[in-house]
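# Topology and contacts: notes
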Amino acid sequence: MRGSRLVVCLVASVSALVIAGCSSGGGTEDLNGMTRQPRTEVGNVSLPNENPKSRNSEGALKGSGDGLMLVYFGFTNCPDVCPTTLADLRLALEDLDPEQRGRLEVGMVTVDPERDTGEVLNGYLSFFFPEDQFSSLRTTDEAELARVEKVFGASHRIGKKQKDGSYDVDHSALLYAVDSDGVVEVEWPFGTTAADMRSDIEQLLDQRAGRSGS
Amino acid sequence: MNLKKPALILSAIACCGALLAACGSDDSSSDPVAVNDVWTRVTAPTATMGAVYMNLESADGDRLVSVSVPADVAGRAEIHETVGGSESEGDMDPGTTMEGGIAVEPAEDDDAGGDGMEGMDGATGEDSSMPDAMMGMRELEDGLELPGGEEVSLEPGGYHIMLLELKQPIAEGDTIPVTLEFENAGEVKVEAEARSTES
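Below is a summary of the structure that appears in this document. Please read all numbers here as calculations on a predicted model, not as lab measurements.

### Focus: the overall build of chain B
What chain B contains, in helices and strands, is one helix and 12 strands. Looking at the 199 residues of chain B, the share that counts as buried comes to 30%. When contacts within chain B are restricted to residue pairs at least 6 apart in sequence, those whose partners lie at least 24 apart make up 68%.

Put into structure tokens, the structure is as follows:
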């Protein structure tokens, strides 16, 4: 099933790109993901980044220069939703050409800072992405986390603790692409294929090529 | 030469054979459940939970009531469903734009169906009063129903077997023995192949 959907999406993406080429500049209708009108602007929100190998020492939740930051809110004990999204994102990134891939960073914000220490986050994310290409964003300050979530429209809810100490966490599962101006250019809901993400990323990076950013 | 004796012996053998065949066809009390494409996702080294997926079909209808894996794989296994999210099936219409909370779908989009986004608000973000719909998991304590003749898929974002208290990471190439317990078909043992992606 996935294969034929992939083909349909690729054909749609190529058609969209062709149309975009003819028009004055790519609009939101060329992207597979969703865009908000007006776009979400995240400003200068930041969170502590627990990955010492990341270039994003300020813990910004936006891209730098002509690149994009791909932001995800999740937790490492998530068995189904998070690994699926991150695996799809990994596939999308691997299929990009190296020049484009080099302009991207993945930022995961943990919604479960109690279990997701910096070490756990780094170990988890390095399973999916090169160690200098992700930010492990974590705060134990609930108000600070809530503020950052609100800006994106994300949310989470910690479940009831079971007898063995385990608990589940419900959370919104969108993946956001944020440019260096802090604008959320596109967001992909859970289930977006790697091909759709890659196609959108390529379009957005093409549009931003050569910018020095703010 | 006396032909009667060999004929009697042959008949006796034939009768026994028929009886045995009859016994053989009786060893399952009802139709078995077809279990296909059993796989488990490769886990990150720090993960304490895993997921197993598969396709199930029962001709006459059945219910998956419990699942178990060896103790050296995980502490316990449960049947779960992932629920929520802004799109119930994970398929969304390409290029959907949100304007003031209502999804505006592009005219050239061929994909039918799909509700508009719930709770989306077109504000700049500081005023996002309604958060994006959350996703979570619910244990199916009564098990998973398999309507007769219908394929039920356990797949990412939907039904799945959750493995809790993983004893070690699941690596590519591993196979995990999984025992499925069905209300009618009884116990079925399968092997889940570890993969990093769905296909």
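### What to know about the overall build of chain A
From N to C terminus, chain A includes six helices and eight strands. Split into buried and exposed, the 214 residues of chain A put 56% on the buried side.

### Describing the pairing of strand E3 (residues 62–68) of chain B
Residues and elements named next belong to chain B. Both E3 and strand E8 (residues 144–146) contribute to a ladder of three bridges, which runs antiparallel. From the neighbouring strand, Arg63 faces E8, where its bridge partner is Glu145. The pairing of E3 with strand E11 (residues 175–182) spans four bridges and is classified as antiparallel. Within E11, the residue paired with Val67 across the bridge is Leu180.

### Here's the deal with the nonpolar core
Counting residues in hydrophobic clusters, the biggest one holds 58 residues, and the most contacted among them are A:Leu68, A:Leu70, A:Val71, A:Ala177 and A:Val178. Sort the elements by how many residues they give to this core and helix H2 (residues 81–94) of chain A lands first, with seven residues. Beyond its immediate sequence surroundings of up to four residues, A:Leu70 is in contact with A:Leu89, A:Leu104, A:Val106, A:Gly107, A:Leu175 and A:Ala177. Judged by nonpolar contacts, the second largest core, of 30 residues, contains B:Ala47, B:Val69, B:Ala185 and B:Ala192.

### Here's the deal with the sheet that holds strand E2 (residues 68–74) of chain A
Residue and element names in this part refer to chain A. Sheet architecture is open: five strands sit in the order E4-E3-E2-E7-E8, paired in mixed fashion. Because the sheet does not close on itself, it has two edges, and the strands there are strand E4 (134–137) and strand E8 (184–188). Neighbour-to-neighbour, the strand axes of the sheet open up by a mean angle of 20°, direction not taken into account. Pairing between E2 and strand E3 (residues 104–110): seven bridges, direction parallel. What sits directly across from Phe73, in E3, is Val109. Against the sheet, helix H6 (residues 194–208) makes contact with E2, strand E7 (175–179) and E8, and its axis sits at roughly 175° relative to E8, the strand it touches most.

### A word on the packing of H2(A) against H6(A)
All names here are of chain A. Interaxial distance between H2 and H6 falls to 8 Å at its minimum, and their mutual angle equals 50°. With respect to H6, the axis of H2 lies oblique. The two elements H2 and H6 meet at a crossing, and its hand is right-handed. Here H2 contributes Asp88, Leu89, Leu91 and Ala92 to the contact with H6, which in turn contributes Ala194, Met197, Arg198 and Ile201. Looking at side-chain class alone, the contact of H2 with H6 contains six nonpolar, no polar and two charged residues.

### Quick word on unusual backbone geometry
Omega for the bond connecting A:Gln37 with A:Pro38 falls within 30 degrees of zero, at -5°, which places this linkage in the cis form. One can find A:Pro38 in the loop between strand E1 (35–37) and E2. At B:Asp37, a position not held by glycine, the phi torsion is positive, near 50°. Judged by C-beta crowding, with 14 C-beta atoms within 10 Å, B:Asp37 ranks as partly exposed. Located in the positive-phi region is B:Glu165, a residue other than glycine, with phi close to 55°.

### Considerations on H6(A)
Residue and element names in this part refer to chain A. For H6, spanning 15 residues, the distance from its first C-alpha to its last is 21 Å, which sits close to the expected 21 Å at 1.5 Å a residue. Among the 15 residues that make up H6, 11 are buried, leaving the element largely enclosed by the rest of the structure. Looking only at H6, the buried set comprises Ala194, Ala195, Asp196, Met197, Arg198, Ser199, Asp200, Ile201, Gln203, Leu204 and Leu205.

### A short note on the environment of A:Gly153
Residue and element names in this part refer to chain A. With respect to the helices, strands and loops of the structure, Gly153 is situated in the loop between helix H5 (142–152) and strand E5 (156–158). The class for Gly153 is buried, based on 25 C-beta atoms found within 10 Å. Between the C-alpha atoms of Gly153 and Leu174, which are 21 residues apart in sequence, the distance is 9.6 Å.

### A closer look at helix H4 (residues 118–126) of chain A
Considered for burial, the residues of H4(A) that qualify are A:Val120, A:Leu121, A:Asn122, A:Tyr124 and A:Leu125. Residues of H4(A) that are buried in the fold lie against E3 and E4 of chain A.

### Describing the environment of A:His156
Within the secondary structure layout, A:His156 lies in strand E5. The class of A:His156 is buried, set by 23 C-beta atoms lying within 10 Å. Sequence-wise, A:His156 and A:Leu89 are 67 residues apart; in three dimensions their C-alpha atoms are separated by 21 Å. Those residues within four positions of A:His156 in sequence are excluded, and the remaining contacts are A:Phe73, A:Val111, A:Val169, A:Asp170, A:His171 and B:Met134.

### Let's talk about the pairing of E3(A)
The side chains of a regular strand alternate between both faces of the sheet. Residue and element names in this part refer to chain A. Of all seven residues in E3, seven are buried, a share of seventy percent or more. Of the two faces of E3, both are covered, the one formed by Leu104, Val106, Met108 and Thr110 as well as the one formed by Glu105, Gly107 and Val109. As judged from the four bridges shared by E3 and E4, these two strands associate in the parallel manner. Bridge pairing in E4 places Gly107 opposite Ser135. Between the parallel elements E3 and E4, the chain passes through H4 in a crossover that is right-handed.

Rules used throughout
- Residues numbered from 1 in each chain as written.
- Chains lettered and ligands numbered in written order.
- Predicted model: local features only at pLDDT ≥ 70, side-chain atom pairs only at ≥ 80, totals over all residues.
- Helix = DSSP H or I, 4+ residues; strand = E, 2+ residues; numbered from the N terminus.
- Buried ≥ 20, exposed ≤ 12 C-beta atoms within 10 Å, placed from the backbone.
- Contact = placed C-beta atoms within 7 Å.
- Pairing = 2+ DSSP bridges.
- Core = buried A, V, L, I, M, F, W, Y, C linked by C-beta atoms within 7 Å.
- Axes fitted to C-alpha atoms, helices over the stretch in contact; angles between N-to-C directions.
- Parallel < 35°, antiparallel > 145°, perpendicular 65-115°, else oblique.
- Left-handed = near helix turned anticlockwise from the far one by under 90°.
- Nonpolar A, V, L, I, M, F, W, Y, C, P; charged D, E, K, R; others polar.
- Expected span 1.5 Å × (residues − 1).
- Right-handed = clockwise from strand over helix to strand, strands pointing away.

Keep in mind these values describe shape, not function.
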